[in-house]
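Single-letter residue listing:
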Amino acid sequence: MDIRKMTRGGSMAKESSNGSTWAVSLTNFLDSGSIVAGASGLTLWQKSFGLSDFDVGLLGALSANAFGSALGAIIGGRLSDKYGRKMIYTYDMLIYMLGTLIVVFSVNFPMLLLGFLVTGIAVGAGVPASWTYIGETSGDTNRAHNIGISQFAWSMGPVIIFVSGTLLAPLGLMGSRLLFAFLTVVAFIAWNLQKKLPESQDWINQKKKELGSSIENHPYRDLFANMISVKSILFLCGVYVFWNLVAGAMGFFMPFVYETVGGLNNTQANMLQAVLWIFTALAGYFGFALLGDKVNHRSFFFVGASMAVISWIILTYIGFGWSALLAFVIIWGISAGIGAQAWYALWAVELFPTRYRAGSQGFMFFIVRGTAGIWSIVFPIILSTLGFKIAGTAMIVLLIVSLIVGVLWTPKTRGKTLLQITKERYGNKQE
């Protein structure tokens, strides 16, 4: 690998961070889009292929929502640190397109499951690299802004998919296949944009240092041998894992819940989710992107996390009347736009040195989506055997844990460069 050859392109990265941020954020669009495309047609796939409750749970568990992306993350994060962020963008979307095309042409349950798994692996490989790249190519005063753009893109995936799903509903299962065909087209566009991106200058600088050093420790050995990094992993998992158990179940099963518990039809369920994601997108941009670099992080996190708890209290204990449903989707939607995922994406870039920045995210994303995979199997069983009130109460408890961890241990990183944060936390050894 010729690091010197990359330097000229890498130096352009910070100058064009807005353009590269939008290009890279398409990965987040495709992540949420693939989850929701599966969710919006879940009852249709279930009826067409005669799926059991366990089969439905397995689809969720092996999808981009859970184990599929967990596997991709642990692989992609390490590769991104070793061979560069650009390497992921050169090949990842090709794997994504393969997965979505398998879903489009699925004729039975095993083929559908394989399509969900391949798509999930591609998503998992791309997300740690995308957040790392965005953070490294941003300035110290617009890092949250650029992460907010990726959050906006993540939110727009479900908006477009749910609205499209509603318009395609009369086509039945063919409509769901067309949603995955649409994602294939977007992935092709993303691949063409992302493969032209310059490499991250931070990664290039790190590789130059490694070329002149005789120390060849495996980055994961450094990661887990350093108590500062271990504490950061525990903190970020505390914030994100517990929140994502709720958000992950919602992303895949919420239309199913609206229909089976609330008695809504498929069109109503999809439109309700579209409203939720519209508010998430608006909050992600006008909330997190515009304010994240300017306001106190602890207070800002508390507001979003508290709204998430309140929204689930409303749905669990007030019920599925239209007033309660609208209050739920609006409050949760806003909270998700400024909530744990955006903060995780920001802090996971800031709290680790360049050497294993993407790898640490890959490991944590593996934990996050892996636990979501287990919950994706358990949640439908709890729902059908113990009822929605028990399932909803469990969601509230998970959100409270995320809130407490985030508020107690909010890092003080606002307005600082990544290099400055690394020096403060690790000293000069990890610059």
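Criteria and cut-off values
- Residues numbered from 1 in each chain as written.
- Predicted model: local features only at pLDDT ≥ 70, side-chain atom pairs only at ≥ 80, totals over all residues.
- Heavy atoms only, no water.
- UniProt positions renumbered as here; feature names shortened; annotations may be inferred.
- Helix = DSSP H or I, 4+ residues; strand = E, 2+ residues; numbered from the N terminus.
- Rg over C-alpha atoms; globule rule 2.2 N^0.38 Å.
- Buried < 20%, exposed > 50% of the residue type's maximum accessible area, 1.4 Å probe, protein only.
- Contact = heavy atoms within 4.5 Å.
- Phe/Tyr/Trp six-rings, centres within 6.5 Å; stacked < 30°, edge-to-face > 60°.
- Lys NZ or Arg CZ within 6 Å of the ring centre and 35° of its normal.
- Axes fitted to C-alpha atoms, helices over the stretch in contact; angles between N-to-C directions.
- Nonpolar A, V, L, I, M, F, W, Y, C, P; charged D, E, K, R; others polar.
- Core = buried A, V, L, I, M, F, W, Y, C linked by side-chain atoms within 4.5 Å.
- Salt bridge = Lys/Arg side-chain N within 4 Å of Asp/Glu carboxyl O.
- 1 Å grid on protein atoms, 1.4 Å probe; cavity = no way out; pocket = protein on both sides within 12 Å on 5 of 7 lines; lining within 4 Å.
- Points joined across faces, edges and corners; volume = space filled by probe spheres on them.
- Expected span 1.5 Å × (residues − 1).
- Bend = angle between axes of the 7 residues up to and from the residue.

Looking at an unreviewed UniProt entry, the protein carries the name L-rhamnose-proton symport, with the source organism given as Liquorilactobacillus mali KCTC 3596 = DSM 20444. Check the Subcellular location (unreviewed entry) section of the UniProt entry for the protein; it says "Cell membrane".

## Concerning the overall build of the protein
Assigned secondary structure in the protein consists of 19 helices and zero strands. Relative to the globule expectation of 22 Å for 431 residues, the C-alpha radius of gyration of the protein, 21 Å, shows essentially globular dimensions. The principal-axis extents of the C-alpha atoms in the protein amount to approximately 65 × 45 × 35 Å. A burial count over the protein gives 61% of its 431 residues as buried. A separation threshold of at least 6 residues defines the contact pool for the protein, and within that pool the share at least 24 residues apart is 85%.

## Description of the packing of aromatic side chains
Counted by the stated rule, this structure contains 24 aromatic pairs. Taken together, a centroid distance of 6.0 Å and an interplanar angle of 85° make the contact between Trp-22 and Phe-152 edge-to-face. Of this pair, Trp-22 sits in helix H2 (residues 17-40) while Phe-152 sits in helix H8 (residues 143-168); the two residues are 130 residues apart in sequence, bridging distant segments of the chain. Overall, Trp-22 belongs to the partly exposed group, its relative accessible area being 40%. Phe-152 sits in the partly exposed class, given a relative accessible area of 23%. Judged by centre distance (4.8 Å) and plane angle (80°), the rings of Phe-288 and Trp-343 are edge-to-face. Taken together, the residues span a long stretch of sequence, with Phe-288 in helix H13 (residues 266-291) and Trp-343 in helix H16 (residues 340-350) at a distance of 55 residues. Residue classification places Phe-288 among the buried positions, given a relative accessible area of 0%. The lysine or arginine in question, Lys-195, covers the ring of Trp-191, its NZ or CZ lying 3.8 Å from the ring centre.

## Considerations on the environment of Leu-290
Here Leu-290 shows up in helix H13. Using a relative accessible area of 33% as the deciding quantity, one classes Leu-290 as partly exposed. Taking C-alpha positions, Leu-290 is 25 Å from Gln-201, a pair spaced 89 residues apart along the chain.

## Regarding the packing of helix H14 (residues 297-317) against H16
Relative to each other, H14 and H16 sit at 150°, their axes nearing to 10 Å. Residue-level contacts link His-297, Phe-300 and Phe-301 of H14 to Ala-340, Trp-343, Leu-346 and Trp-347 of H16. Residue classes in the contact of H14 with H16 are distributed as six nonpolar, one polar and no charged.

## What about the nonpolar core?
The biggest cluster of nonpolar side chains holds 121 residues, and the ones touching the most others in it are Tyr-258, Trp-312, Phe-328 and Trp-332. Examining the composition of this core, we find that 19 residues originate from one element, helix H12 (residues 227-260), more than from any other. For Phe-328, the contacting residues outside a window of four places in its chain are Met-250, Met-254, Tyr-258, Leu-276, Ser-311, Trp-312, Leu-315 and Gly-333.

## Quick notes on the pattern of salt bridges
For the structure shown, the criterion picks out six salt bridges. Residues Arg-143 and Glu-350 are paired through a salt bridge, measuring 2.9 Å at the closest nitrogen-oxygen approach. Of the two residues, Arg-143 sits in helix H8 while Glu-350 sits in helix H16, which places them 207 residues apart along the sequence. Of the two residues, Arg-143 and Glu-350, neither departs from the other in class, the shared state being buried.

## Considering empty space enclosed by the protein
In total, this model carries six cavities of 30 Å³ or more according to the counting rule given. Estimates place the volume of the largest cavity at around 170 Å³. Lining the largest cavity are 21 residues, and of these Trp-154, Ala-247, Gly-248, Gly-251 and Trp-277 sit closest to its centre. In terms of residue count, the dominant contributor to the lining of the largest cavity is H12 (six residues). Among the residues forming the lining of the largest cavity, the class breakdown is 11 nonpolar, eight polar and two charged.

## Some thoughts on helix H17 (residues 357-385)
Its 29 residues give H17 an end-to-end C-alpha distance of 42 Å, which sits within 8% of 42 Å, the value for a rise of 1.5 Å per residue. At Ser-376, H17 shows its maximal kink, close to 30°; a proline, Pro-380, follows between one and four residues later. Directly after H17, the chain includes Gly-387, whose backbone phi takes a positive value near 95°.

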